[in-house]
Amino acid sequence: YERHAGITVVWRQYFSALWLTYFGGAAIAGVLVLMTVARVVDVTTLSLILPLLFILHVTSRAAIDRVQAQVDHLTQIASYAAALRSTTDAVIVTDSSGRISLMNRAAEDLTGWTEADAAGRPVDDVFHVEAVAGGDPLRRGDGELREARLVGRDRSTRPIEHMESTIRGELDAAIGTIKTFRDISARKAIDA
């Protein structure tokens with residue numbers, strides 16, 4: 001209910017792996033109730049219960065392993081986010097639709113946008129660059145360092161170097177992008 005998702009979606013994502021556990025637990029409970037009512041405990045009833053206990057153990061162990069894998073994955077994502085937030089280069093991460101999902105302090109300083117204001121916006125609204133002579137900085141390509149002029153929220157411009165890389169999921173499908181950039185005003189002033 002809190003996730004605002006349909007019951008079938010939540011069931012499939014969180015509980016479908018446990019259906020055998022539920023079935024095994026219910027079957028064991030049924031057998032135990034019958035044994036209690038009949039006041040019969042013999043080899044036959046134990047031979048019925050032991051396979052069910054084994055199935056229950058295996059499926060509950062698989063469910064626990066799955067939950068542990070999800071916790072490990074979320075921990076890994078949190079550590080990546082912490083690393084991106086603490087780097088001195090400006091970083092903007094987008095989702096698969098090109099909307100901003102993470103922005104570190106350096107990116108806030110260079111663009112003039114706060115992460116709270118930028119979250120969910122199309123990346124081109126926040127990371128607006130203009131071409132510089134001698135290159136094609138607006139061409140999209142993974143891992144290619146380019147120069148451009150960044151237009152800040154206050155319409156001021158500054159020279160930057162930037163790179164964009166595609167973030168790929170488990171099945172090698174694009175799930176977002178990561179843009180890294182830095183102010184090169186001091187270097188340009190020294191060169192001049």
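The coordinates are above.
Residues numbered from 1 in each chain as written. Predicted model: local features only at pLDDT ≥ 70, side-chain atom pairs only at ≥ 80, totals over all residues. Heavy atoms only, no water.

### Topic: the side chain of Glu 164
What counts here: Secondary structure elements are defined from DSSP: runs of H or I of at least 4 residues count as helices, runs of E of at least 2 residues count as strands, and each element is numbered from the N terminus. Think of it in three bands: with a 1.4 Å probe and only protein chains considered, a residue is buried below 20% of the maximum accessible area for its type, exposed above 50%, and partly exposed in between. Polar contacts, as used here, are pairs of N or O atoms within 3.5 Å; protein pairs need one atom able to donate a hydrogen and one able to accept it. Residues neighboring in sequence count only if both atoms are side-chain atoms.
Residue position: Glu 164 is located in strand 5 (residues 157–168). Overall, Glu 164 belongs to the buried group, its relative accessible area being 9%. Polar contacts involving the side chain of Glu 164 include one to the side chain of Lys 179, which spans 2.5 Å.

### A closer look at the nonpolar core
Nonpolar side chains in soluble globular proteins tend to end up buried together. Filter applied, for reference: Residues enter a nonpolar core if they are buried and are Ala, Val, Leu, Ile, Met, Phe, Trp, Tyr or Cys, with the set joined through side-chain atoms within 4.5 Å. Residue contacts are counted whenever heavy atoms from the two residues lie within 4.5 Å of one another.
One finds Ile 92, Met 103, Phe 127 and Phe 181 to be the most contacted residues of the largest nonpolar core, which totals 17 residues. Elements with a contribution of two residues or more to this core: strand 1 (90–95), strand 2 (100–103), helix 4 (105–111), helix 6 (123–126) and strand 4 (146–151). Take this core: its biggest share by element is three residues, from helix 4. Sequence-distant contacts of Phe 127, defined by excluding residues within four places in its chain, comprise Ile 92, Leu 150, Ile 160, His 162, Lys 179 and Phe 181. If you look at the next biggest cluster of nonpolar residues, it comprises five residues, including Ile 28, Val 31, Ile 49 and Leu 52.

### Focus: a nonpolar patch on the surface
To keep things clear, this is the line we draw: Exposure above 30% relative accessible area and the lack of any salt bridge qualify a residue for a patch; like charges then connect within 9 Å, and the nonpolar side chains Val, Leu, Ile, Met, Phe, Trp and Tyr within 5 Å. Exposure was quantified through the Shrake-Rupley algorithm and a 1.4 Å probe, taking into account, for residues, occlusion by the shown protein chains and nothing else. The salt bridge criterion pairs a side-chain nitrogen of Lys or Arg with a carboxyl oxygen of Asp or Glu, the two atoms within 4 Å.
Together, Trp 11, Phe 15 and Tyr 22 make up a nonpolar patch on the protein surface, roughly 340 Å² of accessible area in all. Looking at where Phe 15 falls in the secondary structure, it is placed in helix 1 (residues 7–15). When its relative accessible area of 37% is taken as the criterion, Phe 15 is described as partly exposed.

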